[in-house]
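Analysis of the macromolecular model
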Amino acid sequence: MNEGSRAQWLATAQKVDARIEELRPEADRHVVGQHVISQVLLKRFAAPFGSNGLKLVPFNLDHPDRLHKMASPRQCGKVPYFARFASASLEQVWGKLETRIPDAARAVDRGDVFQHEQHVQTLKDLIALHLVRSLNYRNVHERIFTNVYTETRTALLTDRSDLLRLAVLQRSGLHLSGPQGLATAADQILSPHLTNFENGADFRARIEGTFAKAKEMISEAGLEILVPATGEFLLGDTPALAIQQSENRTRISVAIGDSTAIVLPFGPRHLLVGRTPRNGMDIATAKTVDFLNQLQIEAAQQRVYIRPNSGQDAVVRSYLKRSGRSAKR
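Since we're looking at a predicted model, the values are computed, not measured.

Counting its secondary structure elements, the protein contains 13 helices and 13 strands. Expressed as lengths along the three principal axes of its C-alpha atoms, the size of the protein is roughly 75 × 45 × 45 Å. Contacts spanning at least 24 positions in sequence make up 77% of the contacts within the protein whose residues lie at least 6 apart. Placing the 43 positive and 34 negative side-chain charges of the protein at their respective mean positions leaves the two points 4 Å apart.

Written as structure tokens, this is what we have:
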């Protein structure tokens, strides 16, 4: 990782530690089956199926040719122990936003959402929510922590070893001798941080802070809502994608500050685009719809969610055969 990212991570360490201590009394209060995709959003991709209620099709990208059984929105988009520390209070943070989504969704369907600033803000916050409440964010968090931990430990044993020896001497009066004593001292200093990483406390505190920052950054820009000229939008299991577009390339899952747009499917007939220059609704051509659906497939961990009897399963299979994505995973 670059020095800037490492410095930023370390700069927030004290705030993270303080928040962990605030949360510690709630550490064991958990929600086991945590949705990383809002049920309200999943319901918009579902269809009534007789007396069985709303259903959608979780399409397994690793096994595209198997029979994909329908499921209820409640059964989809779940990750057991997505957050493993004080997750009940984290669900309360998400819940404050999710109760606002139905009113915003009705305004989108009516076509008058941009006449209601509170609904526009809700949709922007919804993008932020799915950007950070995702397996992609958790994977990035784990990778960054591992890198920072390794680099910090290495620095304590090399470039900063004199500082480590002095700290131990001032604290305990002991003179460290040999590499083994130095390594033991470094591990003792870093042990609380490693423990907070392993028990999920560091992730719990950081995701809350990242959510607040993401909301702020997305709120500052415009919001567009795309409606397909033909076809339907797909919903992947990692639906909010920060993308960076140049003339010849589109990168996905970039940092918010590096993105040119953030996209989130909001039903088969709508897709939210955050961090745009303006507010408004626009028509997505068939080519654009295909492109955005391909991004959902490529970014997905394992599944995309399809409206029953929509024929989109054939579209997904066709793309997988062309791209080889199923072979890559």
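Past the structure itself, the notes keep going.
This model, assessed by the stated rule, comprises 5 aromatic pairs. Centre to centre, the rings of F82 and F203 are 5.4 Å apart; their planes meet at 80 degrees, and the pair counts as edge-to-face. Taken together, the positions of F82 in the loop between β5 (78-80) and α4 (87-98) and F203 in helix α10 (residues 201-219) put the pair 121 residues apart, joining distant regions of the chain. The buried category is assigned to F82, whose relative accessible area is 3%.

What follows deals with the packing of helix α5 (residues 101-110) against helix α6 (residues 117-132). Where α5 meets α6, the axes come as close as 9 Å, and the angle between the chain directions of the two elements is 110 degrees. As summarised for this structure, α5 and α6 are arranged roughly perpendicular, according to the angle between their axes. For the element pair α5 and α6, the recorded crossing hand is left-handed. Of α6, the residues touching α5 (which contributes I101, D103, A104, A107 and V108) are H119, T122, L123 and L126. Of the residues contributing to the contact of α5 with α6, the split by class is 6 nonpolar, 2 polar and 1 charged.

Moving on: unusual backbone geometry. At Y81, a position not held by glycine, the phi torsion is positive, near 55 degrees. Among the structural elements, Y81 can be located in the loop between β5 and α4. Given a relative accessible area of 37%, Y81 falls into the partly exposed group. At S253, a residue that is not glycine, the phi angle is positive and equals roughly 60 degrees. Following the sequence through the fold, S253 ends up in the loop between β9 (250-252) and β10 (261-265).

The subject of this paragraph is helix α8 (residues 161-172). The first and last C-alpha atoms of α8 sit 16 Å apart over 12 residues, in line with the 16 Å expected at 1.5 Å per residue. For α8, the full list of buried residues reads S161, L164 and V168. For α8, the buried positions fall inside an angular range of 60 degrees around the axis, keeping them on one side. Seen from the buried face of α8, the exposed residues on the opposite side, beyond 90 degrees, are D162, L163 and Q170. Just downstream of α8 lies G173, where phi reads positive at about 80 degrees.

This part is about the pattern of salt bridges. Going through the model one piece at a time under the given rule, you end up with 15 salt bridges. With a closest N to O distance of 2.9 Å, E22 and R19 form a salt bridge. Highlighted residues: E22 and R19, both in helix α2 (residues 13-23), separated by 3 residues, approximately one helical turn. E22 sits in the exposed class, given a relative accessible area of 51%. Its salt-bridge partner being E98, residue R133 comes within 3.1 Å of it at the nearest N-O pair. Within this pair, whereas R133 is found in the loop between α6 and α7 (135-157), its partner E98 is found in helix α4, the two being separated by 35 residues in sequence. In this pair, the class of R133 matches that of E98, namely buried.

Looking at the secondary structure, you find H68 in the loop between β4 (57-60) and β5. Separated by 3.4 Å, the side chain of H68 and the backbone oxygen of H63 make a polar contact. H68 has contacts with V57, P58, F59, N60, H63 and R317, leaving out every residue within four places of it along the chain.

Turning our attention to the sheet that holds β9. The sheet built from 6 strands is open, its strands ordered β9-β8-β10-β11-β6-β12 with mixed pairing. Looking at strand neighbours, the two that pair on one side only are β9 and β12 (280-284), the edges of this open sheet. On average, each strand axis in the sheet is tilted by 30 degrees relative to the strand beside it, whichever way the strands run. Here 3 bridges tie strand β8 (residues 241-245) to β9, and the two strands are oriented antiparallel to one another. When the sheet's bridge partners are listed, Q244 is paired in β9 with R251.

The rules behind these values
Each chain has its residues counted from 1, following the order in which its sequence is written. With pLDDT at 70 or above as the cut-off, local features in this predicted model cover only qualifying residues; side-chain atom pairs require 80 or more to be listed or tallied, and sums for whole chains, interfaces and linings still use all residues. As a rule here, side-chain values come from all non-hydrogen atoms in the structure, and water together with hydrogens is ignored. Each helix corresponds to a stretch of at least 4 residues labelled H or I by DSSP, and each strand to a stretch of at least 2 residues labelled E; elements are numbered beginning at the N terminus. Any two residues whose heavy atoms approach within 4.5 Å are treated as being in contact. Charged residues are defined here as Lys and Arg on the positive side and Asp and Glu on the negative side; His and the ends of the chain fall outside this count. All charge positions are set by atom: Lys at NZ, Arg at CZ, Asp at CG, Glu at CD. Two aromatic rings, drawn from Phe, Tyr or Trp (for Trp, its six-membered ring), form a pair once their centres lie within 6.5 Å of each other, and the interplanar angle then sorts them: stacked below 30 degrees, edge-to-face above 60, tilted otherwise. Each residue is placed in one exposure class: buried if its accessible area under a 1.4 Å probe, protein chains only, is under 20% of its type's maximum, exposed if it is over 50%, and partly exposed if it falls in between. Only C-alpha atoms enter the line fits that serve as axes; for helices the fit covers just the stretch in contact. Angles between N-to-C directions range over 0 to 180 degrees. An angle below 35 degrees is treated as roughly parallel, one above 145 as roughly antiparallel, one from 65 to 115 as roughly perpendicular, and anything else as oblique. Two helices crossing with the near one rotated counterclockwise from the far one by less than a right angle form a left-handed crossing, whereas a clockwise rotation gives a right-handed crossing. All residues other than Ala, Val, Leu, Ile, Met, Phe, Trp, Tyr, Cys, Pro, Asp, Glu, Lys and Arg, Gly among them, are scored as polar; the first ten of these are nonpolar and the last four charged. The span one expects for a helix is its residue count, reduced by one, times 1.5 Å. Working note: the arc is built from the helix axis to C-beta atom directions. One speaks of a salt bridge when a side-chain nitrogen belonging to Lys or Arg is within 4 Å of a carboxyl oxygen belonging to Asp or Glu. Each polar contact in these results corresponds to two N or O atoms within 3.5 Å; when the atoms are within protein, one needs to be able to donate a hydrogen and the other to accept it, and residues that are neighboring in sequence are counted only if both atoms are side-chain atoms. Between any two strands, at least two bridges found by DSSP are needed for them to pair.

Function-wise, these values are silent; they only describe arrangement.
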